[in-house]
Amino acid sequence: MSCINESEIKEESKRLMALGLHHRCVEGRLDQIAALTEEINRLKKEKNAVICAHVYQTPEIILGIGDFVGDSYKLADDSRHTAADIIVFCGVRFMAETAAVLNPAKKVYIPSLDAGCSLSESVTAEDVRGLKAAHPGASVVTYINTSAEVKAESDCIVTSANAEKILRRIYEKNKKVIFIPDRFMGANLAKVLGKTPGEDIILWNGSCVVHEHFDARTIALYRKNYPGVAVLAHAECPSDIINAVDYMGGTGDMMRYVENTNAAAYLLVTECGFGELARIKFPDKNFIAMCRLCPYMKAVTLENILQTLKKPSKEQLVTVPPEIAARAKKAIEKMFELAEG
Ligand code: SF4
């Protein structure tokens, strides 16, 4: 970082403070963050690179260097419309793979090799082939939190932002549907559609390490102690949590709910980065902490993003074999068609 001088760091610190980052910084750390964001933003311009930042990333990544910020659906869609040569994906591997599938001519990098996902790792392409053999004729609807190989075995991909709409449409056409890999999200969606999980909609046994362990008794306690609190939960939570909340959705939907309502306080049952971002975006609203950190999302840091832009290793370049990419792309494009149609 020797090329950044002190006055540039001061200017960048001011910019970051104006964005609200000082709320979370201990004394001295803001200047360190500023030196990193200043250099990253400079390298982005030099290399014609963009940063896709998921809302579970830290605020310094989202606000300090993010060009595209959002949930899995928005970032997949944004990646299709950039003129950049390089995409540095600040999220987890399946997201970077999706961007690579959609943009074969661009270089897509993941800053941390530890940025996996328990849900994505819960199912393999061979598992999907086994499900298809056991349920011939069933449509395979797959949550985006899966590998490219699994997507390649699927008929249509969904995200939490469009799963209900797409699953409903596919179920109306073909009464035999397999939903993978999140058993909780599958059961929650089946309930919304008035279907029996495991029978009308075949499920897989995957789950998210962040969302599977929240506790409905704690929600009841918060409701008692904070009258008027609105409780929002991500659709990856188990159904006893979903039964206890006011709203279930993806992170984009949850953010819109906060924006468009005026509750006494909000309890956000999801990854902690989302709550941090909501606090910065809506400083006049009250938020109660009930969250868990995703160890995979938090493996991405300003330091490894800078290293990626400066000198990426060959392992950080995310590639998908063309034959798998072509089949995965078909299932992802089906999602865009059904979500937007
Ligand atoms: S929050 Fe859960 S689903 Fe999302 S990346 Fe982390 S482990 Fe995967």
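Definitions and cut-offs
- Residues numbered from 1 in each chain as written.
- Predicted model: local features only at pLDDT ≥ 70, side-chain atom pairs only at ≥ 80, totals over all residues.
- Heavy atoms only, no water.
- Helix = DSSP H or I, 4+ residues; strand = E, 2+ residues; numbered from the N terminus.
- Rg over C-alpha atoms; globule rule 2.2 N^0.38 Å.
- Contact = heavy atoms within 4.5 Å.
- Areas by Shrake-Rupley, 256 points an atom, 1.4 Å probe, with all protein chains shown as cover.
- Lys, Arg positive; Asp, Glu negative; His and termini not counted.
- Charge placed at Lys NZ, Arg CZ, Asp CG, Glu CD.
- Pairing = 2+ DSSP bridges.
- Axes fitted to C-alpha atoms, helices over the stretch in contact; angles between N-to-C directions.

Attention now moves to the overall build of the protein. Looking only at helices and strands, the protein features 15 helices and 13 strands. In terms of C-alpha radius of gyration, the protein reaches 20 Å, essentially the compact-globule figure of 20 Å for 341 residues. Projected onto the principal axes, the alpha-carbon positions of the protein cover approximately 65 × 55 × 30 Å. In the protein, 65% of the contacts between residues at least 6 apart in sequence involve partners at least 24 apart. Roughly 14900 Å² of accessible area belongs to the protein as shown, and the carbon and sulfur atoms make up 52% of that amount. Of note, the protein has its 42 positive side-chain charges centred 3 Å away from the centre of its 44 negative side-chain charges.

Once that is clear, we can look at the sheet that holds strand 4 (residues 107–109). Across a sheet, strands are paired by hydrogen bonds formed along the backbone, either parallel or antiparallel in direction. The sheet built from four strands is open, its strands ordered 2-1-3-4 with parallel pairing. Bordering the open sheet on either side are strand 2 (68–70) and strand 4, each of which pairs with just one other strand. The average angle at which neighbouring strand axes cross in this sheet is 20 degrees, direction not considered. Bridge analysis of strand 3 (residues 86–90) against strand 4 gives three bridges, and the strand direction is parallel. When the sheet's bridge partners are listed, Val 88 is paired in strand 4 with Tyr 109.

The subject of this paragraph is the sheet that holds strand 6 (residues 156–158). Pairing within the open sheet is parallel, and its four strands lie in the order 6-5-7-8. Because the sheet does not close on itself, it has two edges, and the strands there are strand 6 and strand 8 (201–203). Taken pair by pair, the neighbouring strands of this sheet meet at an average axis angle of 30 degrees, ignoring direction. One ladder, built from three bridges, connects strand 5 (residues 139–143) with strand 6; its direction is parallel. In the strand pairing of strand 6, Thr 142 is matched with Ile 157.

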